[in-house]
Every structure is written in structure tokens, then in C-alpha cells.
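What follows is each chain in one-letter form.
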Amino acid sequence: MKIAIVGTISKDIIIPDKDIPCKSLGGIFYSITTLLNFLKNDEVILPISYYSNDISFLIQAFEEKWKNVDFSHLLPVKERNFQQIFEYSNNSLSSEKAFFFFPKLCEADLCGAEAADFILFNMISGLELDVDVFQKFTQNIYDKTYLNIKSLVYDVDSLGNKIPKRPDNIFDWLNYTRFIQLNEKEFEIINQEGIEFNRYWSGLLRPSQNVFFINEEKEVLWITNKDELKIKKYPSYPTESFRDKTGYGEVFGAAFAYSFLKTHNISKALEFGVLAANASNRIVGTENQHKLADEMNSLNTKILEAVY
């Protein structure tokens, strides 16, 4: 098994409600550290991202430690590393900022990823690659492509604040991937016309496509449109023990990919993804993601055992 992850490694500052602020590597690092909880000896993660010289010592240390990670597509640059600041209030994200964007990945940077069994595109900065590069790369490997649109629908002002902005080519992105992940706020941005929820998806989705919609309660709706529009809900877990909601989507997507490749069952993979994402929110930062399987087990032993 090989899972490729295209996106950005970020340097995060997390300011939670109650805990002290935390500095952590984030972005697709959430996906990597999630998968490391489950992979067997012959299973590989292929991350594709830039990283700056100021974290090269960390990358080198991880390369020596993590034998399941192929570091050959992590590309060093002299620029400052992409950085995000997340501030929470009343258990909700109140402020999100982004600074120091990397150059865009080109087609050559993706070379080799097409041989992976599953490819996650996590738009952490929203500027990872151009849509024509995405379309050309995915057109022959559509069945194993997964797009978390995330920051694709945001711009950034001069102070680093994220500003909602629907790109003119958003449907060019959505039409070229089998699995689409987005949350409630991101849906509001792409649906500026205010089209009714069911009518929006029945007009957009092809029979082969699947949407994973994460609402404010962290429930996941699985939306398909084969003979008719169908929506199935996967409930969240109690939130009173949540410590940090950063990385929910990246953990969910990575856990889904792993379970889907193991079970070939979308419904089981969604249950596994929701469990992993909820368990991750009981942990602060990626440096503690090695505790993920234990946290999952404390929430639901049966789902964890069914896949892992």
C-alpha cells in the first residue's frame, strides 16, 4: 500500500481555549502522523510538499526515524516556511492567519505519485498547484483521487487574515476528483448563489463522485448522486473532551484513505475517518499524534479493530 499526500507542511501556532499555546508542524503533517499509527512494514506514505531550511533538521530527524515515509518528494527551499496561526474561543475557531506562502508545485514535482494506491490533495495553503496541473495529473487516475478543498476557497489580506473567496475555476477542481471533502463554511463560499443544499449537489455530482461534508457539529454527511441524491449521516462523538480542533479534516481524510484501501468499503472507511478525527481533537499538535490509536480505542474499540 502506498498513499501519496500532496499539500503543504506548515508551522502552526495553536492558541486553544484552555491549554497553553502550542507550536507544532501542521498541514499535511497531520495526515502523515495519522497514518503512522496504522501502517505495516511494507506500507508507505509519499508526502509531496516544500519545506524551508529552518525545519530541515526536523525533516532529517524524521527521515531517520520514520521508515514508512518516502521523503524523496519533500522539496527544500530557502524561503521561510509557510505558517498558520489558529486561535480558539468558546471551543470554536475564532481567528485563522497564514503567512509565507511556498511556490506552486509543478507537474514534475508530482512525478511518481500516480503509482500510489490513493492520492490525497490537501489544499492547506490553497496555492499548492494550478488547476491545469491538477487536471492533467488526475485525468487518468481519477478513481483514486481525493480533494480536501480547504484553503482553495480563501484569499489572504495584508495582515495574513483568511478571507472567503470562491475561485472562478472551482468547478474545474471539483469535476476532476472522485472524492470531495469540504466543511460547512467552505460550502457557503462555493454556493454564493444560495442554492438549496440537495438541489446544489444533485445538479453538480456525477454518479461516480462522493462528497464528504463536515458540518459544525463535526458530523460527516456522505453525499452521492447515482440514480438519485442520497445523504447518509455519520455522527460525531461527545465533544466535552475536545482540546484542539486543528487538523480535523486532514486526519479524517488520511484515516478514510487507509481504511478504504483496507476494506474497499466507503461506509466503513467513513466510520473510521470520523473516529480518528474525533480522537485527534483530544490531542494538541502533531507531536502527540502517536497517541491517536489509543484515543480511538477509548472512543470505540469495535471500529478500530474492524479495520486495524
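Let me sum up the structure you'll find in this document. (Residues numbered from 1 in each chain as written. Predicted model: local features only at pLDDT ≥ 70, side-chain atom pairs only at ≥ 80, totals over all residues. Heavy atoms only, no water.)

## Some details on the overall build of the protein
Argument step 1. In terms of regular secondary structure, the protein is built from 10 helices and 15 strands.
Argument step 2. Against the globule reference of 19 Å for 308 residues, the protein gives a C-alpha radius of gyration of 18 Å, in line with a compact fold.
Argument step 3. With the C-alpha coordinates of the protein rotated into their principal frame, the extents come out at 50 × 45 × 40 Å.
Argument step 4. Every one of the 308 residues in the protein was classed for burial, and the buried ones make up 55%.
Argument step 5. Pairs at least 24 apart in sequence give 69% of the contacts found in the protein among residues at least 6 apart.
Argument step 6. Distance between charge centres in the protein, computed from 33 positive and 42 negative side chains, equals 2 Å. (Helix = DSSP H or I, 4+ residues; strand = E, 2+ residues; numbered from the N terminus. Rg over C-alpha atoms; globule rule 2.2 N^0.38 Å. Buried < 20%, exposed > 50% of the residue type's maximum accessible area, 1.4 Å probe, protein only. Contact = heavy atoms within 4.5 Å. Lys, Arg positive; Asp, Glu negative; His and termini not counted. Charge placed at Lys NZ, Arg CZ, Asp CG, Glu CD.)

## A look at the nonpolar core
Argument step 1. Among the nonpolar cores identified, the biggest contains 101 residues, and Phe118, Trp201, Phe212 and Phe256 are the most heavily contacted of them.
Argument step 2. Top contributing element to this core by residue count: helix H7 (residues 248-263), with 10 residues.
Argument step 3. In contact with phenylalanine 212, other than residues within four places in its own chain, are Tyr146, Phe179, Ile180, Gln181, Leu182, Val220, Leu221, Trp222, Phe252, Phe256, Ile266 and Leu270. (Core = buried A, V, L, I, M, F, W, Y, C linked by side-chain atoms within 4.5 Å.)

## Notes on the sheet that holds strand E5 (residues 74-77)
Argument step 1. Pairing in this open sheet of nine strands is mixed, and the strands run E5-E4-E1-E8-E9-E12-E13-E14-E15 from one edge to the other. At either margin of the open sheet sits one strand with a lone partner, and together these are E5 and strand E15 (229-234). If you compare each strand with its neighbour and ignore which way they point, the axes differ by 15 degrees on average. (Pairing = 2+ DSSP bridges. Axes fitted to C-alpha atoms, helices over the stretch in contact; angles between N-to-C directions.)

## Notes on the packing of aromatic side chains
Argument step 1. Tallying each qualifying case throughout the model produces 32 aromatic pairs.
Argument step 2. For the pair phenylalanine 82 and phenylalanine 101, a centre-to-centre distance of 5.1 Å together with 55 degrees between the ring planes defines the contact as tilted. In this pair, phenylalanine 82 is assigned in the loop between E5 and strand E6 (83-89) and phenylalanine 101 in the loop between strand E7 (92-99) and strand E8 (118-122), connecting sequence segments 19 residues apart.
Argument step 3. Looking at phenylalanine 101, the relative accessible area reads 29%, which means it is partly exposed.
Argument step 4. With 5.6 Å between their ring centres and 70 degrees between their planes, phenylalanine 179 and phenylalanine 260 make a pair best called edge-to-face. Of this pair, phenylalanine 179 sits in strand E12 (residues 179-183) while phenylalanine 260 sits in helix H7, and the two are 81 residues apart along the sequence. (Phe/Tyr/Trp six-rings, centres within 6.5 Å; stacked < 30°, edge-to-face > 60°.)

## Quick notes on the pattern of salt bridges
Argument step 1. With the rule as written, the count across this model stands at nine salt bridges.
Argument step 2. Two residues, aspartate 54 and lysine 11, come together in a salt bridge whose shortest N-O distance is 3.0 Å. Within this pair, whereas aspartate 54 is found in the loop between strand E4 (44-52) and helix H2 (56-65), its partner lysine 11 is found in strand E2 (residues 9-15), the two being separated by 43 residues in sequence.
Argument step 3. A residue is classified by how much of its surface remains accessible, and aspartate 54, at 38% relative accessible area, is partly exposed. (Salt bridge = Lys/Arg side-chain N within 4 Å of Asp/Glu carboxyl O.)

## Thoughts on the environment of glycine 253
Argument step 1. For glycine 253, the position within the fold is in helix H7.
Argument step 2. Taking relative accessible area as the criterion, glycine 253 reaches 2% and is therefore assigned buried.
Argument step 3. For the pair glycine 253 and alanine 276, spaced 23 residues apart in sequence, the C-alpha to C-alpha distance is 9.5 Å.
Argument step 4. In this view, glycine 253 contacts Leu120, Tyr146 and Gln181; residues no more than four positions away in its chain are not counted.

## What about the side chain of glutamate 96?
Argument step 1. Tracing the backbone through its elements, the reader meets glutamate 96 in strand E7.
Argument step 2. Within polar-contact distance, the side chain of glutamate 96 engages the side chain of lysine 162 at 2.9 Å.
Argument step 3. Setting aside residues up to four positions removed in sequence, glutamate 96 forms contacts with Gln84, Ile85, Phe86, Gly160, Asn161 and Lys162. (Polar contact = N/O pair within 3.5 Å; in protein donor to acceptor, adjacent residues only side chain to side chain.)

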